[in-house]
Number of protein chains: 2
Amino acid sequence: MHPNYPTEVTDPALAPAAAGSPTLSHDNFGIGARVTLAVMSADYAEVILGSLQKADATGLEVQTGDVSTFVAGREPDLLRYLSQLISAAGRGGAHVVATVHLSRGCPGEVQCELPGGAGPLRSEIVELEETGVQAAAEWALYPLEDTGRDGVDPDHMRDIYAAVDYAKAKGTFVKSEHFVTRLEGDIARILETVAAGWVLVGRTVQHVTTHLTLSINSPSAR
Amino acid sequence: MHPNYPTEVTDPALAPAAAGSPTLSHDNFGIGARVTLAVMSADYAEVILGSLQKADATGLEVQTGDVSTFVAGREPDLLRYLSQLISAAGRGGAHVVATVHLSRGCPGEVQCELPGGAGPLRSEIVELEETGVQAAAEWALYPLEDTGRDGVDPDHMRDIYAAVDYAKAKGTFVKSEHFVTRLEGDIARILETVAAGWVLVGRTVQHVTTHLTLSINSPSAR
């Protein structure tokens, strides 16, 4: 655990809520994902539909669209679904690109229903079953903090570096590149790394998003 | 022009530079993109390589990797390249997904070489030639401001809403969805919209990134 991360935080229910804001819970905090699967083969539609069926959506709201699939729910369900979905597509053997966008702390469509300062909300680090499918990935993390809290000023790069240090300890970190961090490993380990950065920054920042592009079975990587 | 955007900003060279920071210019401000093309057909490799050759890279540094292609340079060159690259892939007729990640204000690999507060840097809105290729897209914009400036407090949602209002005026806006804004139109119009939001927020915020997923020729959209 990187020292910049609080290892112990008091009950999130005790976090100061803005006047008039709803009581924070994991069900109204806007925890969710958008995922896009691209399968580079002639039978891409069957592979994508088959993968969507193979992923366990228990506990989740899933809405499939023409650009991405929106998934909402608690972090362990969300990450299990993403890991199963993406690894199922990769197991077909075709070159697959998956883009994953995670968000927390800004529910609602047109604007955040939680006003700034209503969070943060503590979540636990998620552990996933190994998938057996390897990927290379590029990762960006965005702590969207305007005000700071508990005497700590906002510093989005400090939070990002702490998450990158976590990835180094996890073993998925390969290198820092322009705008992104390169990760490699089992899809479950990559998603655990990304979700951990997102959740850990989310213990001190209300609105946190992260974007991940995974490449599986790339001919360029061979 | 949305009233939240400054229509006139004084010379960016007059922006206060942090002690010891380099003189800001469009060549050292970390203006660049990462783009990933996914072509859902058996001949995907030829389509991607052919599209990379058709895009005019004049004035740009281009590094192709196995997860994304990194492109660095000034905004007009960058956006022209992205528009030509993505539309070339779409013209082949296959279902194409393109992910675009733009960044400014945080150059360097391991950490920002410009310390926080060295920017912002003014750029002009980019205009592109129509491509004739239509797309649906999902867009997220991230103003990464820690301190505010000129007496204006950081408020990342205020900046995002102003950019969405710009998209509405531009005609590419379709609707707000969870975590993203849906855009539709010619690929050039979509990229102009996204780049305008990025550049306009960048007039008051040093580090601004934006992520766009474009879907072209989707069978689900028909």
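You'll find chain A entered in an unreviewed UniProt entry as YkoF family thiamine/hydroxymethylpyrimidine-binding protein, with Arthrobacter ginkgonis given as the organism.

### Quick look at the overall build of chain A
Check the secondary structure of chain A and you find four helices and eight strands. Starting at the N terminus and ending at the C terminus, chain A contains elements arranged as β-α-β-β-α-β-β-α-β-β-α-β. Relative to its 222 residues, chain A shows a buried fraction of 62%. Of all intrachain contacts in chain A linking residues separated by at least 6 positions in sequence, the fraction that spans at least 24 positions is 78%. For chain A, the computed accessible surface area is about 8900 Å², with 49% contributed by carbon and sulfur atoms.

### Section: the relation of the copies chain B and chain A
Between chain B and chain A, which share one sequence, the superposing operator has a rotation angle of 180 degrees and an axial displacement of 0.0 Å; the RMSD is 0.0 Å. This pairing of chains is accounted for by a two-fold axis. Comparing contact sets, 100% of the residues at the interface of chain B also lie at the interface in chain A, consistent with an isologous, same-surface contact.

### Things to note about the state of the cysteines
Residue and element names in this part refer to chain A. One pass over the structure, following the stated rule, counts two disulfides over all chains. Two residues, C106 and C112, share a disulfide whose sulfurs are 1.8 Å apart. Here C106 and C112 share a disulfide; its torsion about the S-S bond, -95 degrees, makes the bridge left-handed. Of the two residues, C106 and C112, neither departs from the other in class, the shared state being buried.

### Overview of the packing of helix α3 (residues 156–170) of chain B against helix α4 (residues 187–201) of chain B
Residue and element names in this part refer to chain B. The contact between α3 and α4 brings their axes to 9 Å, and the two run at 145 degrees. Between α3 and α4 the crossing geometry is right-handed. Only R189, E192, T193, A196, G197, L200 and V201 of α4 make contact with α3, whose side of the interface consists of D159, A163, Y166, A167 and K170. Tallied by class, the residues present in the contact of α3 with α4 amount to six nonpolar, two polar and four charged.

### Notes on empty space enclosed by the protein
This structure, assessed with the given rule, holds two cavities of 30 Å³ or more. Computed from the structure, the largest cavity encloses a volume of approximately 290 Å³. A class-by-class count of the residues in the lining of the largest cavity yields ten nonpolar, twelve polar and four charged. Its boundaries defined by the atoms lining it, the second largest cavity holds a volume of some 40 Å³. Around the second largest cavity sit T36, A38, V97, A98 and T99 of chain A together with T36, A38, V97, A98 and T99 of chain B, which together line it. Breaking the lining of the second largest cavity down by element, the ones donating at least two residues are β1 (32–40) and β4 (95–104) of chain A together with β1 (32–39) and β4 (96–104) of chain B. Within the lining of the second largest cavity, the residues separate by chemical class into six nonpolar, four polar and no charged.

### A few points about the environment of E177 of chain A
Among the structural elements, E177 of chain A can be located in the loop between β6 (173–176) and β7 (181–186). Distance from E177 of chain A to W139 of chain A, taken between C-alpha atoms, is 9.7 Å for residues 38 residues apart in sequence. If near-sequence neighbours (up to four positions away) are discounted, E177 of chain A is found in contact with E138 and R182 of chain A together with R34 and E109 of chain B.

### Digging into the packing of aromatic side chains
What the rule picks out here adds up to three aromatic pairs over all chains. An angle of 25 degrees between the planes, with centres 4.5 Å apart, marks the rings of Y142 of chain A and Y142 of chain B as stacked. Residue Y142 of chain A is found in strand β5 (residues 134–143), and its partner Y142 of chain B is found in strand β5 (residues 134–143); the two belong to separate chains. The ring centre of W198 of chain A lies 5.6 Å from the NZ or CZ of R104 of chain A, which sits over that ring. The ring of F173 of chain B has K168 of chain B lying over it, and the distance from NZ or CZ to the ring centre is 4.8 Å.

### Observations regarding the sheet that holds β1 of chain A
Residues and elements named next belong to chain A. Spatially, eight strands are ordered β2-β3-β1-β4-β8-β5-β7-β6 in an open sheet, and the strand pairing comes out antiparallel. Of all the strands in the sheet, the pair left with one neighbour each is β2 (61–64) and β6. Averaged over all pairs of adjacent strands, the angle between strand axes in this sheet comes to 20 degrees, irrespective of strand direction. With nine bridges joining them, β1 and β4 adopt antiparallel strand pairing. In the sheet register, G32 faces β4, and the bridge partner there is S103. In this fold helix α3 (residues 156–170) packs onto β5, β6 and β7, with an angle of close to 155 degrees to the strand it touches most, β5.

### Some remarks on the interface of chain B and chain A
Listed per partner, the contact involves 57 residues of chain B and 57 residues of chain A. Summed over both sides, the interface of chain B with chain A buries roughly 4800 Å², with 61% coming from carbon and sulfur. Considering only the side of chain B, the residues that lose the most area to chain A are D66, H178 and F179 of chain B, jointly responsible for 16% of the buried surface there. Where chain B meets chain A, there are four salt bridges. The shortest N-O distance in the salt bridge between R182 of chain A and D66 of chain B comes to 2.9 Å. Applying the counting rule to chain B against chain A returns 21 residue pairs in polar contact (both at pLDDT 80 or more). Listing elements by their share of the side of chain B that touches chain A, those giving two or more residues are β1, α1 (44–54), β4, β5, α3, β6 (173–177), β7 (180–186) and β8 (208–216) of chain B.

What counts, and at which threshold
- Residues numbered from 1 in each chain as written.
- Chains lettered and ligands numbered in written order.
- Predicted model: local features only at pLDDT ≥ 70, side-chain atom pairs only at ≥ 80, totals over all residues.
- Heavy atoms only, no water.
- Helix = DSSP H or I, 4+ residues; strand = E, 2+ residues; numbered from the N terminus.
- Buried < 20%, exposed > 50% of the residue type's maximum accessible area, 1.4 Å probe, protein only.
- Contact = heavy atoms within 4.5 Å.
- Areas by Shrake-Rupley, 256 points an atom, 1.4 Å probe, with all protein chains shown as cover.
- Least-squares fit on C-alpha atoms with pLDDT ≥ 70 in both.
- Disulfide = S-S within 2.5 Å.
- Axes fitted to C-alpha atoms, helices over the stretch in contact; angles between N-to-C directions.
- Left-handed = near helix turned anticlockwise from the far one by under 90°.
- Nonpolar A, V, L, I, M, F, W, Y, C, P; charged D, E, K, R; others polar.
- 1 Å grid on protein atoms, 1.4 Å probe; cavity = no way out; pocket = protein on both sides within 12 Å on 5 of 7 lines; lining within 4 Å.
- Points joined across faces, edges and corners; volume = space filled by probe spheres on them.
- Phe/Tyr/Trp six-rings, centres within 6.5 Å; stacked < 30°, edge-to-face > 60°.
- Lys NZ or Arg CZ within 6 Å of the ring centre and 35° of its normal.
- Pairing = 2+ DSSP bridges.
- Buried area = accessible area lost by both parts, 1.4 Å probe.
- Salt bridge = Lys/Arg side-chain N within 4 Å of Asp/Glu carboxyl O.
- Polar contact = N/O pair within 3.5 Å; in protein donor to acceptor, adjacent residues only side chain to side chain.

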